[in-house]
Amino acid sequence: MRSDYDVVVVGGGPGGSTLSTLVALQGHRVLLLEKEQFPRHQIGESLLPSTVHGICRLLGVADEVADAGFVKKHGGTFRWGLNAEPWSFDFSVSEKFSGPTSYAYQVERMKFDKILLDNARSKGVDVRERCDAVDVLEEDGRIRGVRYDDADGVRREVRAEFVADASGNRSRIHKRIGGARRYSEFFQNIAVFGYFTGGKRAPAPGSGNITCASFDLGWFWYIPLSDELTSVGAVLRRESAERLKDGPRAKVLEGLIGECPLIAGFLADAERVTEGPYGEVRIRKDYSYIQERFWRPGMALVGDAACFIDPLFSSGVHLSTYSALLAARSINTALSGAIAEADCFREYETRYRREYEVFHDFLVAFYDMQRDEHAYFREAKNITGSSATDTESFVELVGGGASDESALISTAPSSSRKRRADLLERSRKIHWQGSRVQVQAIFGESMGDDALYEGGLVESPDGMHWARPGQPAS
Ligand code: FAD
């Protein structure tokens with residue numbers, strides 16, 4: 001039976017809108033089903049440069065994002081580890097990370113996600129909101145489509161060559177991929193968060209920094225979303241979760257703030273927002289997991305539907321949008337018939353897992369509070385294999401760029417092919433795909449690559465397909 005679409009994407013968060021746009025731009029027929037009516041609230045407000053300057057450019061939406069008035073994030077401030085005093089990093093600390101892409105944004109996800117979803121629509125994706133995917137259609141061991149309830153509550157079925165589950169943490173269909181969702185034994189945190197007006201700001205240029213402050217029960221994030229609005233969340237260790245039963249959430253959050261002097265000081269003259277989408281104090285838990293498998297014939301998991309680590313270091317949207325790019329390559333290539341689906345998705349899973357592991361391993365090291373910042377910096381260098389200084393390695397890693405990211409994203413005319421090739425060689429060496437995405441977005445072409453493993457694939461010159469090493473893409 002002929003498919004109604006080439007691809008059905010479930011979920012219109014950053015992962016789903018990125019994937020659907022990058023497939024539709026290749027001329028394929030894409031349906032995106034989103035349960036909510038946008039704008040809708042979502043957590044995950046602190047972005048990394050690889051999303052802002054890499055993915056958003058590929059999507060053709062970078063200018064719109066730049067014009068949206070989001071707060072520029074030049075770096076971060078930590079009250080963390082053995083050092084009792086807060087310490088900051090700035091992306092421009094590293095010579096190689098300074099330049100036009102040495103910042104990210106703190107975004108209201110209601111606005112950011114809508115920009116990406118509207119962009120998908122304008123690039124040819126059939127976007128349908130208030131459509132709740134309830135199951136997948138399976139025939140002969142292959143996923144063939146999606147069963148969903150439309151905006152009028154009518155149950156429908158749609159057939160497609162591929163289904164991508166980008167419906168996040170609360171996915172209803174991820175189990176159909178097979179294998180279990182493995183919850184982390186290390187990361188078992190619980191987040192309680194709300195929004196405040198009138199919170200203090202650090203002086204420029206650090207006024208848009210994310211602040212992460214540890215305290216006895218865990219740590220706080222403090223994210224300036226505008227001159228007025230601040231996102232404030234406490235991330236509690238599992239054994240501190242009892243505190244959440246101490247009374248109404250707002251009271252609990254207030255109490256926790258009182259136990260963290262740095263955050264309490266920032267919020268001394270602030271008021272919690274009590275109305276509208278930011279008026280609720282929310283709780284999130286059970287968010288650190290990885291699925292045993294990321295794909296099966298006819299279906300792939302993208303973004304949080306596949307895995308998530310922890311809020312520290314703001315890696316979620318980067319991992320989600322980067323995995324969406326990898327999945328788009330796999331789907332585009334499989335649809336063209338140039339390379340077998342199994343090879344395309346093996347490449348997808350290998351690369352996505354590797355990116356996840358870089359963040360995972362560094363996060364595990366960073367949660368060891370018995371170290372000072374210099375030890376964290378060294379650990380960043382060890383994990384990335386960078387030849388930069390320890391501090392630069394750390395700054396570039398937590399900025400989403402890793403070693404030499406700054407130079408990789410430099411648009412200066414001096415970026416000759418030779419220099420670019422040198423930088424890519426380092427990027428390849430440290431296995432840091434975020435930086436490669438940025439290079440691709442800026443230079444408009446993929447850099448080619450050696451395969452990661454025997455029989456592995458490389459990206460095509462336009463970066464939108466896979467190819468066999470040494471062979472032209474279809
Ligand atoms: P989502 O953003 O979850 O989007 C999934 C979409 O699918 C939603 O729009 C949902 O409505 C839709 N959907 C769900 N079910 C269905 C269905 N049945 N049918 C149709 N549609 C459906 N990341 C950062 O980068 N920076 C941060 O500062 C950060 N802070 C975080 C703090 C906390 C406490 C937590 C838990 C996470 C944080 N994250 C952060 C992670 C970030 O929230 C996610 O990684 C990111 O939103 C994943 O994007 P996604 O597109 O994969 O999924």
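How each quantity is defined
- Residues numbered from 1 in each chain as written.
- Predicted model: local features only at pLDDT ≥ 70, side-chain atom pairs only at ≥ 80, totals over all residues.
- Heavy atoms only, no water.
- Pairing = 2+ DSSP bridges.
- Helix = DSSP H or I, 4+ residues; strand = E, 2+ residues; numbered from the N terminus.
- Contact = heavy atoms within 4.5 Å.
- Axes fitted to C-alpha atoms, helices over the stretch in contact; angles between N-to-C directions.
- Salt bridge = Lys/Arg side-chain N within 4 Å of Asp/Glu carboxyl O.
- Buried < 20%, exposed > 50% of the residue type's maximum accessible area, 1.4 Å probe, protein only.
- Near = heavy atom within 4 Å.
- Polar contact = N/O pair within 3.5 Å; in protein donor to acceptor, adjacent residues only side chain to side chain.
- Areas by Shrake-Rupley, 256 points an atom, 1.4 Å probe, with all protein chains shown as cover.
- Nonpolar A, V, L, I, M, F, W, Y, C, P; charged D, E, K, R; others polar.
- Core = buried A, V, L, I, M, F, W, Y, C linked by side-chain atoms within 4.5 Å.
- Parallel < 35°, antiparallel > 145°, perpendicular 65-115°, else oblique.
- Left-handed = near helix turned anticlockwise from the far one by under 90°.
- pLDDT = per-residue confidence, 0-100.
- Right-handed = clockwise from strand over helix to strand, strands pointing away.
- Lys, Arg positive; Asp, Glu negative; His and termini not counted.

Engineer: Mind laying out the sheet that holds strand β11 (residues 181–183), listing which residues take part and the relevant values?
Structural biologist: Strands in a sheet are paired, the pairing made by backbone hydrogen bonds, and the direction either parallel or antiparallel. Read from one edge of the open sheet, three strands run β11-β18-β21, paired in antiparallel fashion. Whereas interior strands pair on both sides, the edge strands pair on one side only; in this sheet they are β11 and β21 (307–308). Judged from the two bridges that link them, strand β18 (residues 289–291) and β21 form a sheet pairing that is antiparallel. Bridge pairing in β21 links Ile290 to Cys307. Seen against the sheet, helix α8 (residues 341–366) touches β18 and β21 and runs at an angle of roughly 165° to β18.

Engineer: Any chance you could break down the pattern of salt bridges for me, citing the residues and the numbers?
Structural biologist: A full pass over the atoms with the stated rule returns 32 salt bridges. Note that Lys114 and Asp118 form a salt bridge whose closest N and O atoms lie 3.0 Å from each other. With Lys114 and Asp118 both in helix α4 (residues 109–122) and four residues apart, this pair spans about one turn of that helix. Salt-bridge contacts for Arg159 lead to Glu139; the nearest nitrogen and oxygen are separated by 3.0 Å. Here the residue Arg159 occupies a position in strand β10 (residues 155–165), and Glu139 occupies one in strand β8 (residues 132–139), the gap between them amounting to 20 residues. The exposure class assigned to Arg159 is buried, which follows from its relative accessible area of 12%.

Engineer: I'd like a description of the site of the ligand, backed by residues and values.
Structural biologist: Near the ligand lie 37 residues; those nearest to it are Glu34, Gln42, Ile43, Ser46 and Asp304. Lys35 is positioned with one of its backbone polar atoms (N or O) 3.0 Å from a nitrogen atom of the ligand. Here Ser46 contributes a backbone N or O atom positioned 2.8 Å from a nitrogen atom of the ligand. Isolated, the ligand exposes 1000 Å² of accessible area, and the fraction of that covered by the protein chains is 96%. Sorting the residues of the shell around the ligand by element identifies α1 (14–24), β8 and α7 (316–336) as the ones contributing at least two each. Of the residues forming the shell around the ligand, the biggest block, three residues, is contributed by α7. Across the shell around the ligand, the residue classes tally to 14 nonpolar, 13 polar and 10 charged.

Engineer: Give a detailed account of helix α10 (residues 390–398), specifying residues and quantitative values.
Structural biologist: Since the α-helix packs 3.6 residues into each turn, any two residues three or four apart lie on the same face. With respect to burial, α10 is a largely interior element, seven of its nine residues being buried. Buried residues of α10: Glu392, Ser393, Phe394, Val395, Glu396, Leu397 and Val398, and no others.

Engineer: Give a detailed account of the nonpolar core, specifying residues and quantitative values.
Structural biologist: Judged by nonpolar contacts, the single largest core of 116 residues is most densely connected at Leu19, Leu312, Phe366 and Phe394. Element by element, the count of residues in this core is highest for α7, at 10 residues. Apart from residues lying up to four places away in sequence, Phe366 is in contact with Phe78, Trp80, Trp87, Leu312, Phe313, Tyr376 and Phe394. By size, the runner-up hydrophobic cluster in this structure holds 22 residues, among which are Ile190, Tyr222, Cys260 and Ile263.

Engineer: Any chance you could break down the packing of α1 against α4 for me, citing the residues and the numbers?
Structural biologist: Running from N to C, α1 and α4 point in directions that differ by 20°, and their axes come no closer than 9 Å. Viewed along their axes, α1 and α4 adopt a mutual orientation that is roughly parallel. Handedness of the crossing formed by α1 with α4: left-handed. Packed against α1, whose contacting residues are Pro14, Ser17, Thr18, Ser20 and Thr21, the element α4 presents Arg109, Asp113, Leu116, Leu117, Asn119 and Ala120 at the interface. Classifying every residue of the contact of α1 with α4 by side-chain character gives four nonpolar, five polar and two charged.

Engineer: For the confidence of the model for the protein chain, give the residues involved together with the corresponding values.
Structural biologist: Looking at the protein chain as a whole, its pLDDT mean stands at 88, while 87% of the residues score no less than 70. Note on residues 402–423: pLDDT under 50 across the span, and 53 contacts to partners over four residues away in sequence or across chains. Interface scoring of the predicted complex returns ipTM 0.99; its pTM is 0.92.

Engineer: A description of unusual backbone geometry should follow, citing residues and the corresponding values.
Structural biologist: Here the amide bond leading from Phe38 into Pro39 is cis, since omega sits at 0°, within 30 degrees of zero. Relative to the helices and strands, Pro39 resides in the loop between β2 (30–33) and α2 (49–59). A cis amide bond, omega 5°, links Ala204 with the succeeding residue Pro205. Mapped onto the fold, Pro205 is located in the loop between β12 (190–197) and β13 (210–215). Despite not being glycine, Arg130 shows a phi value in the positive range, around 55°. Residue position: Arg130 is located in the loop between β7 (126–128) and β8. Non-glycine residue Phe313 carries a positive phi angle of around 80°.

Engineer: Any details on the packing of α7 against α8? Residues and values, ideally.
Structural biologist: At a minimum axis distance of 8 Å, the contact between α7 and α8 shows a crossing angle of 170°. Put simply, α7 runs roughly antiparallel to α8. Here α7 runs over α8; the crossing is right-handed. Facing His318, Leu319, Tyr322, Ser323, Leu326, Ala327, Ser330, Ile331, Thr333 and Ala334 of α7, the residues of α8 in contact are Glu341, Cys344, Phe345, Tyr348, Arg351, Tyr352, Glu355, Tyr356 and Phe359. Its residues assigned to classes, the contact of α7 with α8 shows 12 nonpolar, four polar and three charged.

Engineer: Residue-level account of the pairing of strand β1 (residues 5–10), with values.
Structural biologist: Within β1, six of the six residues are buried, leaving the element largely enclosed by the surrounding structure. In terms of strand pairing, β1 meets β10 through five bridges, oriented parallel. The residue bridging Val7 from the neighbouring strand is Phe162, located in β10. As for the winding sense of the linkage, the β-α-β connection from β1 through α1 to β2 is right-handed.

Engineer: Tell me what's going on with the side chain of Asp310, and back it up with residues and numbers.
Structural biologist: Inspection of the secondary structure assignment puts Asp310 in the loop between β21 and α7. The side chain of Asp310 is buried and forms no salt bridge, while Arg238, the nearest opposite charge, is found at 10 Å. A polar contact is formed between the side chain of Asp310 and the side chain of Asn189, at a distance of 3.0 Å. At a separation of 2.6 Å, a polar atom in the side chain of Asp310 contacts the side chain of Tyr367. When sequence neighbours within four positions are dropped, the list of residues in contact with Asp310 reads Phe187, Asn189, Trp219, Tyr287, Ser288, Ser315, Leu363 and Tyr367.

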